[in-house]
Amino acid sequence: VLEALVSGRPVISTRSGGPEDFVRKDNGLLADVGDIKMISEAMIKMKNNIDDYNAQEIRRDILKKYSSKVVSQKLVKLYRDVV
């Protein structure tokens, strides 16, 4: 999911213990795990509204939070705080 978002692509994902942290209405849609109707409705909604998503904003937002530089800085801070 993150790889698609870094590419500027909106996503459809399930609420499965991770995607809820970064999939929002401006970059994609979430469906309940196993809810086929909800997933199919998300697919139709995405198809019909694909032009409402801004690829550059999706990419910029994800990189601001999850780039390798940002993640490594957070890890270093975490390790320093523990020691």
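For the structure itself, look to the data block above.
Basis of the calculations
- Residues numbered from 1 in each chain as written.
- Predicted model: local features only at pLDDT ≥ 70, side-chain atom pairs only at ≥ 80, totals over all residues.
- Heavy atoms only, no water.
- Patch = residues over 30% accessible without salt bridge, like charges linked within 9 Å, V, L, I, M, F, W, Y side chains within 5 Å.
- Areas by Shrake-Rupley, 256 points an atom, 1.4 Å probe, with all protein chains shown as cover.
- Salt bridge = Lys/Arg side-chain N within 4 Å of Asp/Glu carboxyl O.
- Helix = DSSP H or I, 4+ residues; strand = E, 2+ residues; numbered from the N terminus.
- Buried < 20%, exposed > 50% of the residue type's maximum accessible area, 1.4 Å probe, protein only.
- Expected span 1.5 Å × (residues − 1).
- Contact = heavy atoms within 4.5 Å.

A.B. asks: Describe a nonpolar patch on the surface, and please don't skip the residues or the numbers.
C.D. replies: A contiguous nonpolar patch, built from Tyr66, Val71, Leu75, Leu78, Tyr79, Val82 and Val83 and spanning about 720 Å² of accessible area, is present on the exposed surface. A per-element tally of the nonpolar patch places helix H4 (residues 68-82) first, with five residues. Mapped onto the secondary structure, Tyr79 falls in helix H4. Residue class for Tyr79 comes out exposed when judged on its relative accessible area of 53%.

A.B. asks: With reference to specific residues and values, describe H4.
C.D. replies: An α-helix turns once every 3.6 residues. As a result, residues three or four positions apart point the same way. Taking 1.5 Å of rise per residue, the 15 residues of H4 would be expected to cover 21 Å, and the 21 Å separating its terminal C-alpha atoms lies within 8% of that figure. H4 sits mainly on the outside: one of its 15 residues count as buried.

A.B. asks: Any details on the pattern of salt bridges? Residues and values, ideally.
C.D. replies: Going through the model one piece at a time under the given rule, you end up with six salt bridges. We note a salt bridge from Asp32 to Arg15, for which the minimum N-O separation is 2.8 Å. Pair noted here: Asp32 is in the loop between strand E2 (28-31) and helix H2 (36-49) and Arg15 is in the loop between strand E1 (11-14) and E2, with a separation of 17 residues, a long-range link. By relative accessible area, Asp32 is classed as partly exposed at 33%.

A.B. asks: Let's hear about the side chain of Ser13: which residues, and what values?
C.D. replies: Among the secondary structure elements, Ser13 is positioned in strand E1. Leave out the neighbours within four places in its chain, and Ser13 touches Val1, Pro19, Leu29, Leu30 and Ala31.

Geometry only, nothing functional implied.
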